[in-house]
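Summary of structural features
Residues per chain, in single letters:
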Amino acid sequence: KAGVTQTPRYLIKTRGQQVTLSCSPISGHRSVSWYQQTPGQGLQFLFEYFSETQRNKGNFPGRFSGRQFSNSRSEMNVSTLELGDSALYLCASSYRVSGFNYGYTFGSGTRLTVV
Amino acid sequence: GQNIDQPTEMTATEGAIVQINCTYQTSGFNGLFWYQQHAGEAPTFLSYNVLDGLEEKGRFSSFLSRSKGYSYLLLKELQMKDSASYLCAVRAGHLNRDDKIIFGKGTRLHILP
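What counts and what doesn't
- Residues numbered from 1 in each chain as written.
- Chains lettered and ligands numbered in written order.
- Predicted model: local features only at pLDDT ≥ 70, side-chain atom pairs only at ≥ 80, totals over all residues.
- Heavy atoms only, no water.
- Salt bridge = Lys/Arg side-chain N within 4 Å of Asp/Glu carboxyl O.
- Buried < 20%, exposed > 50% of the residue type's maximum accessible area, 1.4 Å probe, protein only.
- Pairing = 2+ DSSP bridges.
- Helix = DSSP H or I, 4+ residues; strand = E, 2+ residues; numbered from the N terminus.
- Axes fitted to C-alpha atoms, helices over the stretch in contact; angles between N-to-C directions.
- Polar contact = N/O pair within 3.5 Å; in protein donor to acceptor, adjacent residues only side chain to side chain.
- Contact = heavy atoms within 4.5 Å.
- Buried area = accessible area lost by both parts, 1.4 Å probe.
- Nonpolar A, V, L, I, M, F, W, Y, C, P; charged D, E, K, R; others polar.

Time to look at the pattern of salt bridges. All names here are of chain A. Here the structure, examined in full by the defined rule, presents seven salt bridges over all chains. Taking the shortest distance from any N to any O, the salt bridge between Glu 75 and Arg 73 comes out at 3.2 Å. Residue classification places Glu 75 among the buried residues on the basis of a relative accessible area of 15%. Accessibility expressed as a relative area gives 24% for Arg 73, which makes it partly exposed. Each of Arg 63, Glu 82 and Asp 85 takes part in a single network of salt bridges with overlapping partners.

If you want it as structure tokens, here you go:
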């Protein structure tokens, strides 16, 4: 059973640019959650998608957005990049039953560096 | 608000026992996770506690007290490969809506030979 696949693994971008990250969940998982991980703040919740709809959102500015496709793959986009956006971006896939997420499994992450 | 606290760093010796504490204050509680994360890798699942008490799984045990908003992860017979960050996470929110899993900042555990 394939795990959660995130692409690309590493990315270097310049301030002001925009970036799109991809996450393919485990087969059968329809929920994808995104997190930003930095040394000072730990894992911070960005948003969760289920059935192509955003179900939950963290406290990040509107520059951070996401979407989910009919095959459950999800993308997140960050526009007008700032130096502080340098982080490891992790996605986790799960299956959702009665509003709860089960089988929460993380991908290896995308390491974004903004210069 | 949502708040999860755990020590930033701990050091222990190979073969010894270490306890990593986690306290939480969240709106809604539906369970507590522990994850292990080696540097540069994805977090991997260790345990999930919903009810009060101790859950043992090999060298690792996790304890939960819901009334105190407290959990700990106990690691026995420490090995060098246990050097990693340990993340405490709470399933907050309310039944049938806004299920959120909120993470603490993690405890970096250093194992000395």
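After presenting the structure, the write-up continues.
Below, the discussion takes up the sheet that holds strand 3 (residues 18–25) of chain B. The strands that make up a sheet pair up through hydrogen bonds in the backbone, lying either parallel or antiparallel. All names here are of chain B. The strand order 1-3-8-7-6 describes an open sheet built from five strands, whose pairing is antiparallel. Both edges of this open sheet fall to strand 1 (3–5) and strand 6 (53–57), since each of them pairs with a single strand only. In this sheet, neighbouring strand axes are inclined to one another by 15° on average, regardless of whether the strands run parallel or antiparallel. Here five bridges tie strand 6 to strand 7 (residues 60–65), and the two strands are oriented antiparallel to one another. Each residue of the ladder has a partner; that of Glu 55, found in strand 7, is Ser 62.

Residues and elements named next belong to chain A. Tracing the backbone shows Gln 68 in strand 7 (residues 64–68). Here Phe 50 takes part through its backbone nitrogen, which lies 3.3 Å from a polar atom of the side chain of Gln 68. With near-sequence residues (within four places) excluded, Gln 68 lies in contact with Arg 30, Val 32, Tyr 49, Phe 50, Ser 51, Glu 52, Thr 53, Arg 73 and Ser 74.

Okay, the sheet that holds strand 1 (residues 5–7) of chain A next. All names here are of chain A. In space, the four strands of this open sheet follow the order 1-3-8-7, with antiparallel pairing throughout. The two strands at the open ends of the sheet, each matched to only one other strand, are strand 1 and strand 7. Strand-to-strand twist in this sheet, taken as the mean axis angle between neighbours without regard to direction, amounts to 20°. Across three bridges, strand 1 lies against strand 3 (residues 19–24) in antiparallel orientation. Paired with Gln 6 across the two strands is Cys 23, which belongs to strand 3.

Okay, the interface of chain B and chain A next. Taken together, the contact pairs 18 residues of chain B with 22 residues of chain A. The three residues of chain B that bury the most area against chain A are Asp 99, Phe 103 and Lys 105 of chain B, which together make up 29% of that side's buried surface. Viewed at the interface, chain A and chain B are joined by zero salt bridges. For the side of chain B that touches chain A, the elements supplying multiple residues, two or more each, are strand 4 (32–37), strand 9 (84–94) and strand 10 (97–103) of chain B. Taken together, the residues of the side of chain B that touches chain A sort by class into seven nonpolar, six polar and five charged.

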